[in-house]
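# Survey of secondary and tertiary structure
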Amino acid sequence: MKTRLFTTLLLAGAALVSASTHAAYPDKPLRLIVPWAPGGSTDAIARAIAQRMGETMGQSVVVDNRSGASGRIGTEAAAKAAPDGYTFAIVELPHAIAPAVFNKMPYDLLRDFTPVSMVGTSPLMLFAGAQYKNGDIKGFLKNQRNSKVPLALAHSGNGSISHLSSELFGTATGIKVNAIPYRGSAPALTDVAAGQVDAHFATLASASSLLGANRISALLVTGNTRLAGLPDVPTAREAGMEGMQFNQWWALVAPATTPIEIVERLRSEAVAALAHPSTRERLTTLGIELKGSSRDELRAFMRSEVDRWGAVVRKAGIKPE
């Protein structure tokens with residue numbers, strides 16, 4: 001009888017300690033891993049969310065940029081981080097493409113992470129040098145077809161959406177493409193502005209500063225509609241290119257075995273951050289449509305994206321590395 005009573009009290013005490021521990025969360029700074037270089041759209045989104053979440057959670061949320069290997073270095077670090085709620089990561093469309101273009105992956109998007117929340121979507125745009133006016137995709141195509149040199153299209157690493165966009169662009173236009181890898185959109189766009197490469201597919205968020213300074217031009221958009229802020233830039237379909245209708249997307253995930261109550265806390269804080277006027281003002285002007293989600297909705301979405309883009313990669317004839 002005494003042994004049973006002692007066991008009951010011990011279990012109750014452990015439950016109280018556990019509840020107290022979770023109630024105190026967070027009691028130190030959090031880390032949001034961004035698997036790309038600073039300056040791109042993913043970095044901008046992460047910093048906006050981190051700032052607001054830090055304000056409401058009472059602890060700073062530090063953005064940790066870990067670029068390289070087409071996003072695999074930072075994402076692997078997130079997958080292997082302690083599942084205690086103090087490390088989470090932002091993933092995006094390239095993470096759904098990667099399993100189809102790399103033979104060996106150091107993590108599994110669907111197995112090694114637990115979904116937190118969707119963040120938002122944005123179409124990509126084709127950016128070229130400032131010698132073109134915004135929307136002058138016809139002039140760009142004419143020049144490339146008259147050139148004896150393959151089109152130098154920068155991309156953000158093998159398996160990135162800008163890489164796949166480059167390949168699809170070549171297929172849709174019949175233009176020979178030389179796809180050149182970079183460590184992210186920021187350095188790629190810098191070289192577009194400098195004339196080192198011909199063009200690059202990226203989000204408006206990545207290119208806004210260079211575009212605003214008239215150092216680059218926007219030629220087309222991959223979404224189904226034109227952007228309100230750039231009404232002269234046609235969609236790919238309007239430019240006669242089928243098979244190029246897609247959006248970039250971003251989502252938050254945590255290591256797979258992170259306690260659900262902590263994941264739900266992260267989710268509620270992230271969704272609140274996305275709804276806050278300061279975050280919306282900061283990101284919607286960059287062409288990003290913010291949208292939170294439930295954990296189950298994000299899980300189903302990521303699974304469908306892995307299936308969808310695997311089929312696209314195979315159809316495009318891109319061989320896994």
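Preceding block: the structure.
In every chain, residue numbers begin from 1 and rise along the written sequence. For this predicted model, a pLDDT threshold of at least 70 governs which residues receive local features, and a threshold of 80 or more governs which side-chain atom pairs are given and counted, while totals over whole chains, interfaces and linings are taken from all residues. Derived side-chain values reflect all non-hydrogen atoms in the structure, with water molecules and hydrogen atoms excluded from consideration.

### Considering the sheet that holds strand β5 (residues 125–129)
Here is the rule: We treat two strands as partners when DSSP finds at least two bridges between them. For helices the rule is a DSSP run of H or I covering at least 4 residues; for strands it is a run of E covering at least 2, with both sets numbered from the N terminus onward. A fitted line through C-alpha atoms serves as each axis, taken over the contacting stretch for helices, and the angle formed by two N-to-C directions is quoted from 0 to 180°.
If you trace the five strands from one edge of the open sheet to the other, you get β7-β6-β8-β5-β9, paired in mixed fashion. Each end of this open sheet is capped by a strand with a single partner; those strands are β7 (177–181) and β9 (216–221). Adjacent strand axes in the sheet meet at a mean angle of 30°, parallel and antiparallel pairs treated alike. Alignment of strand β6 (residues 151–155) against β7, held across five bridges, turns out to be parallel.

### Structural notes on the packing of aromatic side chains
Test applied: Stacked, edge-to-face and tilted are the three classes for Phe, Tyr and Trp ring pairs, Trp counted by its six-membered ring, which pair at centre distances within 6.5 Å; planes under 30 degrees apart are stacked, over 60 edge-to-face, the rest tilted. Only protein chains enter the accessibility calculation, which uses a 1.4 Å probe; a residue is then buried when its area is under 20% of its type maximum, exposed when over 50%, and partly exposed in between. A ring is considered to have a charge above it if a Lys NZ or an Arg CZ atom is located within 6 Å of its centre and within 35 degrees of its normal.
A full pass over the atoms with the stated rule returns six aromatic pairs. For the ring pair Tyr107 and Phe113, a centre distance of 6.2 Å and an interplane angle of 75° mean the geometry is edge-to-face. On the basis of relative accessibility, which here comes to 5%, the residue Tyr107 falls in the buried class. For Phe113, a relative accessible area of 4% puts it in the buried group. A cation over a ring is seen here: Lys28 above Tyr86, with NZ or CZ 4.7 Å from the ring centre. Above the plane of the ring of Phe102 lies Arg72, whose end atom (NZ or CZ) is 3.8 Å from the centre.

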